[in-house]
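What follows is each chain in one-letter form.
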Amino acid sequence: QLQLVESGGGLVQPGGSLRLSCAASGYTLDYYAIGWFRQAPGEEREAVLCISNGGRSTNYKDSVKGRFTVFRDNAKNIATLQMSSLKPEDTAVYYCAADPYYDCSDPIYWGQGTQVTVSS
């Protein structure tokens, strides 16, 4: 049973940076593609990005391209989301999720979420 725990959220000023981590336990993370999702108040949950299980392929939502970078260390069972040039519209609860397939289209395991607030 794979378990995911996000950390690293918090309050940051516009233009600032945050690093979110997704730590896995119960199973090896390298079996899964990892997606990052977010949900803002009153909004539907949206996909932010996906990284393949080996880290060779990534896909980013257009609005975060050039600002967000995802990487993973399968040996440590950790996936990381580096966010920079943050904007108020990035404010949301961020979730990591694990998908046994390559495209993060149907994740099976989800973390509990971590709040990111971008505000001056």
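So, here's what we can say about the structure.

What counts as what
- Here the residue numbering is sequential within each chain, running from 1 through the sequence in written order.
- Given that the model is predicted, a residue must reach a pLDDT of at least 70 before its local features are reported, and side-chain atom pairs must reach 80 or more before they are shown or counted; all residues, however, enter totals for whole chains, interfaces and linings.
- Excluded from the side-chain calculation are hydrogens and water; included are all heavy atoms of the structure.
- Think of it this way: any DSSP run of H or I at least four residues long counts as a helix, any run of E at least two long counts as a strand, and we number them from the N terminus.
- Relative accessible area decides the class of each residue, using a 1.4 Å probe on protein chains only: under 20% of the type maximum gives buried, over 50% gives exposed, and in between gives partly exposed.
- Throughout, disulfides are identified as pairs of cysteine sulfur atoms within 2.5 Å of each other.
- Here a strand pair is declared whenever DSSP counts at least two bridges between the two strands.

In this section: the environment of T80. Mapped onto the secondary structure, T80 falls in strand β8 (residues 78–83). Residue classification places T80 among the buried residues on the basis of a relative accessible area of 8%. Considered as a pair, T80 and L20 are 60 residues apart in the sequence and their alpha carbons are 5.7 Å apart.

Scanning all chains against the criterion turns up two disulfides. One disulfide in the model links C22 with C96; its S-S distance is 2.1 Å. Since a negative S-S torsion denotes a left-handed disulfide, the C22-C96 link at about 70 degrees is right-handed. In this pair, C22 is assigned in strand β3 (residues 18–25) and C96 in strand β9 (residues 92–99), connecting sequence segments 74 residues apart. Each of the two residues, C22 as well as C96, counts as buried. Paired through a disulfide, C50 and C104 show a sulfur-sulfur distance of 1.9 Å. Between C50 and C104 the disulfide shows an S-S torsion of about 75 degrees. By sign, it is right-handed. Here C50, found in strand β5 (residues 46–51), pairs with C104, found in the loop between β9 and β10 (109–110); they are 54 residues apart in sequence, far enough to count as distant. Overall, the relative accessible area of 7% leaves C50 in the buried class. Look at C104 and you get buried, because its relative accessible area is 7%.

With that settled, the discussion passes to the pairing of β9. With seven of eight residues buried, β9 is to be regarded as a mostly interior element. Strand direction decides the pairing type here: strand β4 (residues 33–39) and β9, joined by seven bridges, are antiparallel. Counterpart to W36 in the pairing with β9 is C96. The pairing of β9 with strand β11 (residues 114–118) spans three bridges and is antiparallel.

Purely geometric stuff here, so don't read any function into it on its own.
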